[in-house]
2 protein chains.
Amino acid sequence: MDKFFEDLKVGEVYESVTETLSQDDIIGFAKQFDPQPMHTDPEGAKNSLFGQLVGSGWQSLSSTIRLLVEAKPFGETPLIGVNVDNVRFWKPLLPGATLQAFMEIEELVPSSKPERGYVLVKVTTKADGEVIVTQNWRMLIPTKSHLKK
Amino acid sequence: MDKFFEDLKVGEVYESVTETLSQDDIIGFAKQFDPQPMHTDPEGAKNSLFGQLVGSGWQSLSSTIRLLVEAKPFGETPLIGVNVDNVRFWKPLLPGATLQAFMEIEELVPSSKPERGYVLVKVTTKADGEVIVTQNWRMLIPTKSHLKK
């Protein structure tokens, strides 16, 4: 069912399917977006802070948005982010990790514009069951009254 | 020159080269990471909030990290982000936009661990000269004393 601002409830949690990222996936992403030896070169990565190849934090974030988009938490109503806050990388993304993303509604904020509201969510990404990234999103979502126009 | 914590100064600004993203680039990224009609379907996007195809905000962010990694602001010393805060999407990413990223050192924070310090930067991404995204990064950077071990 397509959801609108009036349909959402604080405390609701949406969860995604899982996705496993191979070493090739990690190197492929990094070559495109974060070409540093710790992310692209298994040998060179041994001399890095991490002591082994790790995925870019931006890959953890990009996988998270895809997993949550595909979960369609609001049906065909799109996820439109306006702010991202408090991104914390708790653990590195390791080759072979199986990711899953969770989105919990923390606050609903009406707007002075009657056609929209804001939904504040906490997003948690786990790898093999352990939290690797948390963040907060502020998203814009249309109201049902908008549809009646 | 490879830079360490002691080499950095508040107020220093690093700038990247530019990169132009075509409509195909925007659709390609979105199919991988943010498959929503406003990002993948020029016709469907006309019915979205934006009234036209726009790039995913996560593409603006992913392009920003690549542009700044390639600028090598600290030489061969890697960019290791630990926090990302205050991501604000000021304008949508439009097909054909030419992006450039800027990183300004705002604060240098010594650590109780002598081998590292933290550098707080403001990151600004412009498209055709107009600011489209701003964010703050907290990065870890090794100290020179670490090298003497």
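This text follows the structure it describes.
Residues numbered from 1 in each chain as written. Chains lettered and ligands numbered in written order. Predicted model: local features only at pLDDT ≥ 70, side-chain atom pairs only at ≥ 80, totals over all residues. Heavy atoms only, no water.

> Please explain the overall build of chain A as it appears in this structure.
Scanning chain A from terminus to terminus reveals 4 helices and 5 strands. Taken from the N to the C terminus, the helices and strands of chain A come in the order β-α-α-α-β-β-β-β-α. Taking the principal axes of its C-alpha atoms as reference, chain A extends roughly 60 × 25 × 25 Å. Every one of the 149 residues in chain A was classed for burial, and the buried ones make up 50%. Considering only intrachain contacts with a sequence separation of at least 6, the fraction spanning at least 24 residues in chain A is 70%. When the accessible area of chain A is evaluated, it comes to approximately 6,900 Å², of which 51% is carbon and sulfur surface. (Helix = DSSP H or I, 4+ residues; strand = E, 2+ residues; numbered from the N terminus. Buried < 20%, exposed > 50% of the residue type's maximum accessible area, 1.4 Å probe, protein only. Contact = heavy atoms within 4.5 Å. Areas by Shrake-Rupley, 256 points an atom, 1.4 Å probe, with all protein chains shown as cover.)

> In this structure, what is going on with the nonpolar core? I would like to understand it.
Generally speaking, soluble globular proteins have nonpolar side chains that are buried together. In this structure, A:Phe74, A:Met103, A:Trp137, B:Phe74, B:Met103 and B:Trp137 are the most contacted members of the largest nonpolar core, which totals 70 residues. Ignoring any residue separated from it by four or fewer positions in sequence, one finds A:Phe74 in contact with A:Met1, A:Asp2, A:Lys3, A:Leu8, A:Tyr14, A:Leu79, A:Met103, A:Val119, A:Met139 and A:Ile141. (Core = buried A, V, L, I, M, F, W, Y, C linked by side-chain atoms within 4.5 Å.)

> Would you mind going over the pattern of salt bridges with me for this structure?
Oppositely charged side chains are able to pair whenever their charged atoms sit close together. In this structure the tally under the stated criterion is 12 salt bridges over all chains. Close ionic contact of A:Asp7 with A:Lys144 constitutes a salt bridge, the shortest N to O distance being 2.7 Å. Taken together, the residues A:Asp7 in the segment before strand 1 (13–20) and A:Lys144 in helix 4 (residues 144–147) connect sequence positions 137 residues apart. By relative accessible area, which is 16% here, A:Asp7 ends up buried. The salt bridge involving B:Glu130 is made with B:Lys91; its shortest N-O contact spans 3.1 Å. Taken together, the positions of B:Glu130 in strand 5 (residues 130–142) and B:Lys91 in the loop between strand 2 (80–89) and strand 3 (98–110) put the pair 39 residues apart, joining distant regions of the chain. You can call B:Glu130 partly exposed: its relative accessible area is 44%. (Salt bridge = Lys/Arg side-chain N within 4 Å of Asp/Glu carboxyl O.)

These figures come from the coordinates and say nothing about function on their own.
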